[in-house]
Amino acid sequence: MQRQGHIIILLGPPGAGKGTQADRLSSSLGIPSISTGEMLRQECRSNSAIGLQVKSLLDAGQLVKDELIQEVVALRLMQPDCAQGCIVDGFPRTAAQARFLDKFLAGSAFCPPIVFDLAIEPEILIHRLSSRRQCPTCARTFQVVNGASNRCPHDEAELVVRSDDQPAAIRRRLEVYAENTSEIVRFYQNRGYHKLDASQPVELISQKVLRALGAAAGSPGDFARPLAATHQLYA
Ligand code: AMP
């Protein structure tokens, strides 16, 4: 079977910077990034059947059912643009999801996943999440601190607070993450698992990820070649 690309998994609590790193990696490596949170928010915005089913869970900072998100992710990974690999931000969030992904990948042409765990102290997260604003038009997120503009620099829309970035939902999301995380880390440890300090500058973290992937920092490079090198590191 002709092997397809790798799935790069970004683990880490809400606010650790997974979305930012996913965007940067996506441009450096030329593969798509998938955010399960953003896919679900899009379903809510369009009032689809899935959106209506999950909106109250998202607003409360609770996880949606494993079966539902697993189906959403599997369908997305089967799209042709993921054939050369993709970056997954926000999945798996439970050990059951990790086991599902493993089975799915084993039955597919994808190479084994490579996991980056963006670890960070809860106090830093609460500060980051409370000052996070999202553009309702392009869905980019920004930190709005010290009187910075509340308008999106890309399309001028007024930035909004995500409903799940309200203090009660933030606390719940961090609790939910802590409940599930150790099992997921145990699942991936010793097989392509890298822990990174997410309080470090964004650029430095990206460089570490690219270096771990065997790519020259900041250059898109050939995706297959650096990843083959990465695998030798784990052998
Ligand atoms: P995020 O943008 O990744 O913080 O996700 C926002 C919300 O979407 C989460 O608080 C959950 O309600 C839901 N969600 C995203 N990914 C998953 C997942 N893998 N499993 C269950 N719920 C998820």
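Residues numbered from 1 in each chain as written. Predicted model: local features only at pLDDT ≥ 70, side-chain atom pairs only at ≥ 80, totals over all residues. Heavy atoms only, no water.

Visitor: Where do I start with the packing of helix 4 (residues 66-77) against helix 5 (residues 95-106) in this structure?
Guide: In a packed pair of helices, the relevant descriptors are the angle between the two axes and the axis-to-axis distance. At a closest axis distance of 10 Å, the pairing of helix 4 and helix 5 adopts a crossing angle of 30°. Here helix 4 is positioned roughly parallel relative to helix 5, judged by the angle of their axes. The hand of the helix 4/helix 5 crossing is right-handed. Taking contact as the criterion, the partners of Asp66, Ile69, Gln70, Ala74 and Leu77 in helix 4 are, on helix 5, Ala96, Gln97, Phe100, Leu101 and Phe104. (Axes fitted to C-alpha atoms, helices over the stretch in contact; angles between N-to-C directions. Helix = DSSP H or I, 4+ residues; strand = E, 2+ residues; numbered from the N terminus. Parallel < 35°, antiparallel > 145°, perpendicular 65-115°, else oblique. Left-handed = near helix turned anticlockwise from the far one by under 90°. Contact = heavy atoms within 4.5 Å.)

Visitor: Help me out: how do you make sense of the site of the ligand in this one?
Guide: Close to the ligand lie 16 residues; Thr36, Arg41, Gln62, Gly90 and Gln97 are nearest. Contacts to the ligand include arginine 41, whose side-chain N or O atom sits 2.9 Å from an oxygen atom. Contact between the ligand and valine 64: a nitrogen atom at 3.1 Å from a main-chain N or O atom of the residue. Alone, the ligand offers 480 Å² of accessible surface; in the complex the protein occludes 97% of this. For the shell around the ligand, the element with the most residues is helix 2 (residues 36-45), which contributes 4 residues. Each residue belonging to the shell around the ligand can be placed in one class, and the counts come to 6 nonpolar, 5 polar and 5 charged. (Near = heavy atom within 4 Å. Polar contact = N/O pair within 3.5 Å; in protein donor to acceptor, adjacent residues only side chain to side chain. Areas by Shrake-Rupley, 256 points an atom, 1.4 Å probe, with all protein chains shown as cover. Nonpolar A, V, L, I, M, F, W, Y, C, P; charged D, E, K, R; others polar.)

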